[in-house]
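Fold and geometry: a report
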There are 2 protein chains.
Amino acid sequence: MGRNKELNQKTKDERRGQILSKALMLFATKGLAATKITDIASAAGMSQGLLYHYYRSKEDIFVELIRSAFERMNTASLELEKLPLPPQEKIRLAIETLLQGLNDNEDTGRYYLLIAVATASEAIPEAAKTIIQKENLVPYEVITRIISEGQKDGSIKDYEAKDLALVFWTSMKGLAIHKAVHGNKFKMPDADILMSMFI
Amino acid sequence: MGRNKELNQKTKDERRGQILSKALMLFATKGLAATKITDIASAAGMSQGLLYHYYRSKEDIFVELIRSAFERMNTASLELEKLPLPPQEKIRLAIETLLQGLNDNEDTGRYYLLIAVATASEAIPEAAKTIIQKENLVPYEVITRIISEGQKDGSIKDYEAKDLALVFWTSMKGLAIHKAVHGNKFKMPDADILMSMFI
DNA sequence: GTCTATATCCAGATAGAC
DNA sequence: GTCTATCTGGATATAGAC
């Protein structure tokens, strides 16, 4: 009995995961408003009606994805900061990991694209705006701290740390968008190019 | 008689310009699908009905803006290339002009944002896709040529010219998006930071 | 040229059968 | 859990009066 309940919960979670994955692709390439609930349902292989068994609305799905995107990005940022590496190596690792992620895992790029497009748009649910406002700064702050540390020991150039952090993230998001458009034809730039802003 | 016709045409063009300017702001901040035709009409101070006197559809307005955005961007690129300056000075001028434009003229940032978002989106009119496909490469090609020239005389670093051009433009578009979100709170980074990838 | 009113359509969400 | 059928609302575009 309890076992059945757990099993049901598990398959339900899996189903939700499928829906989220398809919705991520659609939201990233078409945006929230242009993505129809039927698009998501048919991409996930179910009827519109059934989709409402798993999510209460299109906006709920969107908010869930935004939450998840920031959780991944911010967790990764904070993990990076904790690594026992000198600051400039953290920056290099961040650049290489992000470029690699964009190349290898399609969802990685889509999460960044989703954040980039959602952050730029006013036409998103209030709940999503709240999350963005609360979470958006974390990666900037982490990178700023790493850069400041590297500037103290002289291993990172002496531009304003905030400026460097800004250019770091805007460049990454720009690359994510480009990747989303050109897909596999897109050859990653050499990480050294980006590194040369820092060292 | 002919004079009246000209005058009418002129005020009509002005009215179209007002509509385009308001639509640009809305499309840039909300996207095509989330922008309602009534939003545009009321922002331009007219009824929905009247708007259809000037444009046949919301998509027509969008396509017109895309066309105009690329015309500006590509003209500016080609003008830059023709200037009697050494290659690395052209790069520096491009960066400074773009950062300045983002700072001073609100529409400049919006045009870049419109291009960035439209290029990333599948949910745009076919006519817009055609324009993008045809025009999108011009700035990349111009910058690539300038970089190659600078590499011949040794004044620009020897990374792959195409990679450098890609990072150049993706960074610029990333900054444009950031500017659109944070508006006036947004302090431009030092142009030297971006230059340090090239020299 | 400009407005209000309206026809038409389409998408989000619900109801109810299986 | 899953589907089909349907209600409802809202947005595009048109018609017609001024």
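Residues numbered from 1 in each chain as written. Chains lettered and ligands numbered in written order. Predicted model: local features only at pLDDT ≥ 70, side-chain atom pairs only at ≥ 80, totals over all residues. Heavy atoms only, no water.

**Structural notes on the packing of helix α9 (residues 161-182) of chain A against helix α9 (residues 161-182) of chain B**
So the rule is basically this: Angles here are taken between N-to-C directions and fall from 0 to 180 degrees, while the axes themselves are lines fitted to C-alpha atoms, restricted in helices to the stretch in contact. Starting at the N terminus, helices and strands are each numbered in turn, a helix being any DSSP run of H or I of at least four residues and a strand any DSSP run of E of at least two. Any angle between 65 and 115 degrees counts as roughly perpendicular, while under 35 counts as roughly parallel, over 145 as roughly antiparallel, and the rest as oblique. Should any heavy atoms of two residues lie within 4.5 Å, those residues are counted as being in contact. When residues are grouped by polarity, Ala, Val, Leu, Ile, Met, Phe, Trp, Tyr, Cys and Pro land in nonpolar, Asp, Glu, Lys and Arg in charged, and all others, Gly among them, in polar.
Remark: α9(A) packs on α9(B), axes separated minimally by 7 Å, with the N-to-C direction vectors making an angle of 105 degrees. Between α9(A) and α9(B), the angle falls in the class roughly perpendicular. Counting all contacts with α9(A), which are made through A:L166, A:T170, A:S171, A:G174, A:L175, A:I177 and A:H178, the residues of α9(B) involved are B:L166, B:T170, B:S171, B:G174, B:L175, B:I177 and B:H178. The residue inventory of the contact of α9(A) with α9(B), partitioned by class, reads 6 nonpolar, 8 polar and no charged.

**Quick notes on the protein's contact with DNA strand D**
Using the following cut-off: Here a residue is near a molecule or strand as soon as one of its heavy atoms is found within 4 Å of it. Side-chain atoms alone can form a polar contact between residues adjacent in sequence; in general such a contact is a pair of N or O atoms within 3.5 Å, and within protein one must be able to donate a hydrogen while the other accepts it.
What surrounds DNA strand D is a group of 15 residues, the closest being A:S47, A:Y54, B:K36, B:I37 and B:Y52. For DNA strand D, the fraction of protein-proximal atoms (within 4 Å) that sit in sugar or phosphate groups is 69%. Between A:S47 and DNA strand D, the recorded distance is 3.1 Å, taken from a side-chain N or O atom to a phosphate oxygen. Backbone polar atom of B:I37 to a phosphate oxygen of DNA strand D: 3.1 Å apart, as the coordinates give it. Elements supplying a minimum of two residues to the surface near DNA strand D: α1 (2-30) and α3 (48-54) of chain A together with α3 (48-54) of chain B. Of the residues contributing to the surface near DNA strand D, the split by class is 5 nonpolar, 6 polar and 4 charged.

**A word on empty space enclosed by the protein**
What counts here: Of the grid points, spaced at 1 Å and generated over the protein atoms alone, those admitting a 1.4 Å probe that cannot get out make up cavities, while open sets with protein on both sides within 12 Å along at least five of seven lines make up pockets; any residue with an atom within 4 Å of a point is treated as lining. Grid points are joined across faces, edges and corners, and a volume is the space filled by probe spheres set on the points.
Taken as a whole and assessed by the stated rule, the structure comprises 4 cavities of 30 Å³ or more. Of the voids in this model, the largest cavity is the one considered here, and its volume is about 400 Å³. Secondary structure elements with two or more residues in the lining of the largest cavity: α1 and α6 (106-120) of chain A together with α1 (2-30) and α6 (106-120) of chain B. In terms of residue class, the lining of the largest cavity is made up of 24 nonpolar, 6 polar and 2 charged.

**Looking at the packing of aromatic side chains**
Let me state the cut-off plainly: Between 30 and 60 degrees the pair is tilted, below 30 it is stacked and above 60 it is edge-to-face, where a pair is any two Phe, Tyr or Trp rings, Trp via its six-membered ring, whose centres lie within 6.5 Å. Summary of the burial criterion: residues with accessible area below 20% of their type's maximum are buried, those above 50% are exposed, and those between are partly exposed, where the area comes from a 1.4 Å probe applied to protein chains only. Charge over a ring is defined by NZ of Lys or CZ of Arg lying within 6 Å of the ring centre and within 35 degrees of the ring normal.
Inspection of the entire model under this criterion finds 8 aromatic pairs over all chains. Both rings, one in B:Y140 and one in B:W169, keep their centres 6.4 Å apart while their planes meet at 55 degrees; by these two values the pair is tilted. Placement of B:Y140 in helix α8 (residues 137-152) and of B:W169 in helix α9 is noted, with a sequence separation of 29 residues between them. Judged on exposure class, the residue B:Y140 and its partner B:W169 are both buried. Three or more aromatic residues joined by ring pairs make a cluster, and in this case those are A:Y140, A:F168, A:W169 and A:F198. If you follow A:R16 out to its NZ or CZ, it ends over the ring of A:Y55, 5.4 Å from the centre.

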